[in-house]
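Next come the chains, spelled out residue by residue.
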Amino acid sequence: MNTTTTDLAAIHTVLQNSQNAWNRGDGAAYGACFTDDATDVTFVGTVYHGGAEIGRAHQALFDSFLKGTQLFMEILDIRRYGTDTAVVLTRGEVAKSTPKKLGKLATYLLVRDTDGQWRIAAVQKTKHQVLMEAVSFKFQPATKPATR
């Protein structure tokens, strides 16, 4: 297995580990998927800093508002920048049962951390606003991306 293949597998594994931790409601394991200085911009706009804070805050969420939820995630694109950085675009959803569609997008910045392991350095989550997007494309066609 070459370095690129090994790194891509490791990147997939980090995201799978974060999903598994979420699905178990394990904030510490979720936070461990992030770097010590990571940034997590949540769907509601809250900004958390560092794996420890991300894990602590998510444990509180897993014990309350997000209790019993599952993280559903599909990787749409992985782009590498050098040997130690990757940007990953995902589509996903948080729900208690399998959702009909994956309506949220997340952009992850993954880095090879100081210990050589891949971790999430930043994530930004947003809801796909299908109706607003359609209106924008209808009234201003130049806003439509070349590929979707």
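Residues numbered from 1 in each chain as written. Predicted model: local features only at pLDDT ≥ 70, side-chain atom pairs only at ≥ 80, totals over all residues. Heavy atoms only, no water.

Asks: Looking at this structure, I do not really get the overall build of the protein. What am I missing?
Replies: Counting its regular elements, the protein contains 4 helices and 6 strands. Reading the helices (α) and strands (β) of the protein from amino to carboxyl end gives α-α-β-β-α-β-β-β-β-α. Its C-alpha atoms give the protein principal-axis dimensions of about 50 × 40 × 25 Å. Of all 148 residues assigned to the protein, the portion counted as buried reaches 33%. For the protein, long-range pairs separated by at least 24 residues make up 48% of all intrachain contacts whose partners lie at least 6 apart in sequence. Only carbon and sulfur atoms are counted for the fraction: they give 57% of the accessible area of the protein, which is about 8800 Å². Within the protein, the 14 negative side-chain charges are centred at a point lying 12 Å from the centre of the 17 positive side-chain charges. (Helix = DSSP H or I, 4+ residues; strand = E, 2+ residues; numbered from the N terminus. Buried < 20%, exposed > 50% of the residue type's maximum accessible area, 1.4 Å probe, protein only. Contact = heavy atoms within 4.5 Å. Areas by Shrake-Rupley, 256 points an atom, 1.4 Å probe, with all protein chains shown as cover. Lys, Arg positive; Asp, Glu negative; His and termini not counted. Charge placed at Lys NZ, Arg CZ, Asp CG, Glu CD.)

Asks: I keep staring at helix α3 (residues 51–62) and nothing clicks. Help me out?
Replies: The end-to-end C-alpha distance of α3 is 16 Å, a good match for the 16 Å that 12 residues give at a rise of 1.5 Å each. Every buried residue of α3 is accounted for by Gly51, Ile54, Gly55, Ala57, His58 and Phe62. (Expected span 1.5 Å × (residues − 1).)

Asks: What is the right way to look at the sheet that holds strand β5 (residues 104–112) in this model?
Replies: Think of a sheet as strands paired side by side through backbone hydrogen bonds, with each pair either parallel or antiparallel. The strand order across the open sheet formed by 6 strands is β2-β1-β6-β5-β4-β3, and the pairing between neighbours is mixed. In the strand order of this sheet, the two ends are held by β2 (47–49) and β3 (70–80), each with one partner. Each strand of the sheet is rotated relative to its neighbour by a mean of 15°, with strand direction disregarded. Relative to strand β6 (residues 118–127), β5 is paired through 9 bridges, and the arrangement is antiparallel. Bridged to alanine 106 within β6 is lysine 125. (Pairing = 2+ DSSP bridges. Axes fitted to C-alpha atoms, helices over the stretch in contact; angles between N-to-C directions.)

Asks: Explain the nonpolar core to me, please; I cannot follow it from the model alone.
Replies: The tendency in soluble globular proteins is for nonpolar side chains to be buried side by side. Membership of the largest hydrophobic core comes to 24 residues, with the highest contact counts inside it found for Leu15, Tyr30, Phe34, Tyr108, Leu110 and Ile120. Residue assignment for this core shows that the elements contributing at least two residues are α1 (3–24), β1 (34–41), α3, β3, β4 (85–95), β5 and β6. With 5 residues, the single largest contributor to this core is α1. In this view, phenylalanine 34 contacts Gly51, Ile54, Arg119, Ile120 and Val123; residues no more than four positions away in its chain are not counted. (Core = buried A, V, L, I, M, F, W, Y, C linked by side-chain atoms within 4.5 Å.)

Asks: What exactly am I supposed to notice about the side chain of threonine 35 here?
Replies: Tracing the backbone shows threonine 35 in strand β1. A distance of 3.1 Å separates a polar side-chain atom of threonine 35 from the backbone nitrogen of alanine 38. In this structure, threonine 35 is in contact with Gly50, Gly51, Val111, Asp113, Arg119, Ile120 and Ala121, ignoring residues within four places of it in sequence. (Polar contact = N/O pair within 3.5 Å; in protein donor to acceptor, adjacent residues only side chain to side chain.)

Asks: In this structure, what is going on with the environment of alanine 32? I would like to understand it.
Replies: By the element assignment, alanine 32 lies in the loop between α2 (27–31) and β1. When the C-alpha atoms of alanine 32 and glutamate 53 are compared, they prove to be 10 Å apart, with 21 residues separating the residues in sequence.

Asks: Please clarify how the pairing of β3 should be interpreted in this entry.
Replies: Sheet topology note: the β3/β4 ladder contains 10 bridges and is antiparallel. Counterpart to arginine 79 in the pairing with β4 is valine 87. Counted along the chain from β3 to the antiparallel partner β4, the turn is 4 residues long, and its residue glycine 82 has a positive phi close to 75°.

Asks: Is there a simple way to think about the confidence of the model for the protein in this case?
Replies: A low pLDDT means the predicted coordinates there should not be read in detail. Mean pLDDT over the protein: 94, with 97% of residues reaching 70 or higher. Averaged pLDDT values for the elements of the protein fall to 85 in helix α4 (residues 130–139) and rise to 98 in α2. (pLDDT = per-residue confidence, 0-100.)

Asks: How do you make sense of the environment of leucine 109 when you look at a structure like this?
Replies: Structurally, the position occupied by leucine 109 is in strand β5. Along the backbone, leucine 109 and alanine 122 are 13 residues apart, and their C-alpha atoms lie at a distance of 5.0 Å. Apart from the residues lying within four places of it in its own chain, the contact partners of leucine 109 are Thr85, Ala86, Val87, Arg119, Ile120, Ala121 and Ala122.

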